[in-house]
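# Geometric and topological summary
Chain by chain, the residues:
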Amino acid sequence: MKGDEIMKKSATTRRNFLQTTTAGAVGIVLARPKILAAQASGSVRIEEPFHGAVLNRRHGKQVSEGLKIQVSGQAPLRDRVTINGAPTQREGTRFTSEIVLRQKQTEIIAVSQGSFGRHEHQVRVLWDRQSQPRYRFSIDDNSFFLRDIANNNYASLFDCFYLKNLRELHSKYGTRFVLNIYYTTGDGFELPQFPDRYKGQWRDNSDWLKLAFHAYANKPDRPYQYAPASQLIADLDKVAEQIIRFASEQTYSPPTVIHWGMVQPTALKPLYERGVRVLSGYFRRQNGIWDVNYLLDDVRSEYLSRHDALMDFDSGIVFSRVDIVCNNTPIERIVPILEPLAKNPNHAEIMDLFTHEQYFWPFYSNYIPDHFKRLDGAIYWVTEHGYKPVFFHEGFLGGPE
Ligand SMILES: [Zn+2]
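Model, not experiment: these values are computed from the prediction. (Residues numbered from 1 in each chain as written. Predicted model: local features only at pLDDT ≥ 70, side-chain atom pairs only at ≥ 80, totals over all residues. Heavy atoms only, no water.)

### Some words on the coordination of the zinc ion
In the first shell of the zinc ion, the protein supplies Asp141 (OD), His214 (NE2) and His259 (ND1), at 2.1 Å from the metal. All donors to the zinc ion come from one chain, and their sequence spacing reads D-x72-H-x44-H. Taken together, the positions of Asp141 in strand β11 (residues 134-142) and His259 in the loop between α6 (229-247) and α7 (268-273) put the pair 118 residues apart, joining distant regions of the chain. We classify Asp141 as buried; its relative accessible area is 8%. His259 sits in the buried class, given a relative accessible area of 3%. (Donors = N, O, S within 2.8 Å, 3.2 Å for Na, K, Ca; no water. Helix = DSSP H or I, 4+ residues; strand = E, 2+ residues; numbered from the N terminus. Buried < 20%, exposed > 50% of the residue type's maximum accessible area, 1.4 Å probe, protein only.)

### Regarding the sheet that holds strand β10 (residues 117-127)
For sheets, the rule is that strands pair by backbone hydrogen bonds, running either parallel or antiparallel. Judged by pairing direction, the sheet is mixed, and its five strands sit side by side in the order β2-β10-β9-β5-β6 without closing on themselves. If you trace the sheet from one side to the other, it starts and ends with β2 (54-55) and β6 (86-87), each paired once. (Pairing = 2+ DSSP bridges.)

### Some words on the confidence of the model for the protein
On average, the protein scores 91 in pLDDT, and the residues at 70 or more come to 90%. The low-confidence segment residues 1-38 (pLDDT under 50) makes four contacts with residues lying over four places distant or belonging to another chain. (pLDDT = per-residue confidence, 0-100. Contact = heavy atoms within 4.5 Å.)

### Details of the side chain of Thr185
Note that Thr185 resides in the loop between β12 (177-182) and α5 (199-204). Within the structure, Thr185 has its side chain in polar contact with the side chain of Asp187 (distance 2.3 Å). Once you skip the residues sitting within four places of it in the chain, Thr185 turns out to touch Ser143, Phe144 and Arg147. (Polar contact = N/O pair within 3.5 Å; in protein donor to acceptor, adjacent residues only side chain to side chain.)

### Points about unusual backbone geometry
With an omega dihedral of -5°, the bond running from Glu48 to Pro49 counts as a cis peptide bond. Summarising the element assignment, Pro49 is placed in the loop between β1 (45-48) and β2. Not every positive phi belongs to a glycine, and Asn84 is a case in point at roughly 45°. For Asn84, a relative accessible area of 39% gives the class partly exposed.

### A few points about the sheet that holds strand β14 (residues 278-281)
Pairing within the open sheet is mixed, and its three strands lie in the order β14-β18-β17. Lying at the two open borders of the sheet, with one neighbouring strand each, are β14 and β17 (309-312). Recorded for the sheet is a direction-independent mean angle of 25° between the axes of neighbouring strands. Strand direction decides the pairing type here: β14 and strand β18 (residues 317-321), joined by four bridges, are parallel. (Axes fitted to C-alpha atoms, helices over the stretch in contact; angles between N-to-C directions.)

### Focus on the pattern of salt bridges
This structure, assessed with the given rule, holds 21 salt bridges. Ionic pairing is found between Lys164 and Glu168, a salt bridge with its closest N-O pair at 3.9 Å. Of this pair, Lys164 and Glu168 both sit in helix α4 (residues 161-173), separated by four residues, roughly a single helical turn. In this structure, Asp221 engages Lys219 in a salt bridge whose closest nitrogen and oxygen atoms are separated by 3.2 Å. On the basis of relative accessible area, Lys219 is assigned to the exposed category, the value being 58%. In the salt-bridge network here, residues are joined through shared partners; they are Arg57, Arg58 and Glu349. (Salt bridge = Lys/Arg side-chain N within 4 Å of Asp/Glu carboxyl O.)

### A look at the packing of aromatic side chains
The tally for this structure, following the rule as stated, stands at 23 aromatic pairs. Residues Tyr183 and Tyr216 carry aromatic rings whose centres are separated by 5.2 Å and whose planes lie at 20° to one another, so their mutual orientation is stacked. Here Tyr183 is found in the loop between β12 and α5, whereas its partner Tyr216 is found in the loop between β13 (209-215) and α6, with 33 residues between them in sequence. With a centroid separation of 6.1 Å and an interplanar angle of 55°, the aromatic rings of Phe213 and Tyr224 are classed as tilted. In this pair, Phe213 sits in strand β13 while Tyr224 sits in the loop between β13 and α6, placing the two residues 11 residues apart along the sequence. Of the two residues examined, Phe213 and Tyr224, each falls in the buried class. (Phe/Tyr/Trp six-rings, centres within 6.5 Å; stacked < 30°, edge-to-face > 60°.)

### Focus: helix α8 (residues 298-305)
Among the residues of α8, those classed as buried are Ser301, Tyr303 and Leu304. Angularly, the buried residues of α8 cover 160° about the axis, an arc narrow enough to put them on a single face. Buried residues along α8 sit against β16 (289-291), β17 and β18. (Arc of directions from axis to C-beta.)

### Focus: the environment of Val322
Within the secondary structure, Val322 is located in the loop between β18 and β19 (324-325). Since its relative accessible area comes to 7%, Val322 is described here as buried.

### Overview of the pairing of β13
Here β13 lies mainly inside the structure; seven of its seven residues are buried. Two strands pair when backbone bridges link them, and β12 and β13 are joined in this way by six bridges, in the parallel orientation. Counted as the bridge partner of Val178 is Lys210 from β13. For the segment spanning β12, α5 and β13, crossover handedness is right-handed. (Right-handed = clockwise from strand over helix to strand, strands pointing away.)

### Quick word on the layout of surface pockets
Considering only enclosed or pocket space, the largest pocket measures out at about 410 Å³ in volume. Lining the largest pocket are 24 residues; nearest its centre among them are Asp141, His259, Trp260, Tyr282 and His356. Secondary-structure elements contributing two or more residues to the lining of the largest pocket are β11, β14 and β20 (350-356). Across the lining of the largest pocket, the residue classes tally to 10 nonpolar, 10 polar and four charged. Volume-wise, the second largest pocket comes out at about 280 Å³. Contributions of two or more residues to the lining of the second largest pocket are made by β2 and β4 (66-74). (1 Å grid on protein atoms, 1.4 Å probe; cavity = no way out; pocket = protein on both sides within 12 Å on 5 of 7 lines; lining within 4 Å. Points joined across faces, edges and corners; volume = space filled by probe spheres on them. Nonpolar A, V, L, I, M, F, W, Y, C, P; charged D, E, K, R; others polar.)

This is the structure in structure tokens:
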């Protein structure tokens, strides 16, 4: 097979060559020395760790001065390569070295020097020094439960079956929930109609139950994918103002997921200024396109599809990959999804658990009767495996800074 392909290729090349006359011939003559020059003078490149990597004890060796990690990459064959000034081991075009991370952020500088001069590649990584296994639980697309409470004028927030069931999970496992909410259900109910008479109750439960902005409404899909940052921020401010009015400052959380996980790159800095420190997404590839990835570039999206987290230094926001979507995961699939993640050092430290509100409601077309059982299954498993409940907007990815 392979041989056939090479034959075909050379036949095509010959045909092209004949068609392109002398310009083609000159091209071929010049191409060869050009390739050799590239091999000799190509730039130095650090491959591991990745720029923006979030590293913890699982990625290296804990030593008295810090975390010892391996650095590796590619450089021209004959160049002398150093990492932060220290010589590296060479093996073909590959180089390797070890460094010790001593602070939260470390610059790693690879310098190669040879007959074509000096080249440099610099990356920055984060050391999650006090890292511990932890999980967060985030629920998207919330609005029905607020309408339910407002319409029924319950004596307690927890007379609403949705909050009652979440509180049960909290009592059982200590789970913390952040509910990402809309300004309107889209059928006439808007947050200003929600009474402030539960404010004390919200405050009393704010150690485990938070509200955050998610979008103005469920429709249209992908509302902020191409919207100007100013529109996203205006919607965020509107919802934030309402949360603080009816549920208190203590219940407010900065957004942790934006509807559809898509925003303009120019929105990231303004989001950081509104207190956003972590944004969760799927970072999945569909039909050849990376999606639900906050429009991050392909290289970083691919990295995130294989890791818990990645820092975007330009904005200061850490991106987190969602580990499980409960409304898509039948009970018997929960452990087969979580178990391999807990065994993979790049996924094991942080469990980003996730679902959507609408599937809890019997009137919803895609109602899932065992939705709460699925949450229980996922939370039970992470609890049994030593993961602690956190909020992503606190500390570093929910852990101590
Ligand atoms: Zn959403």
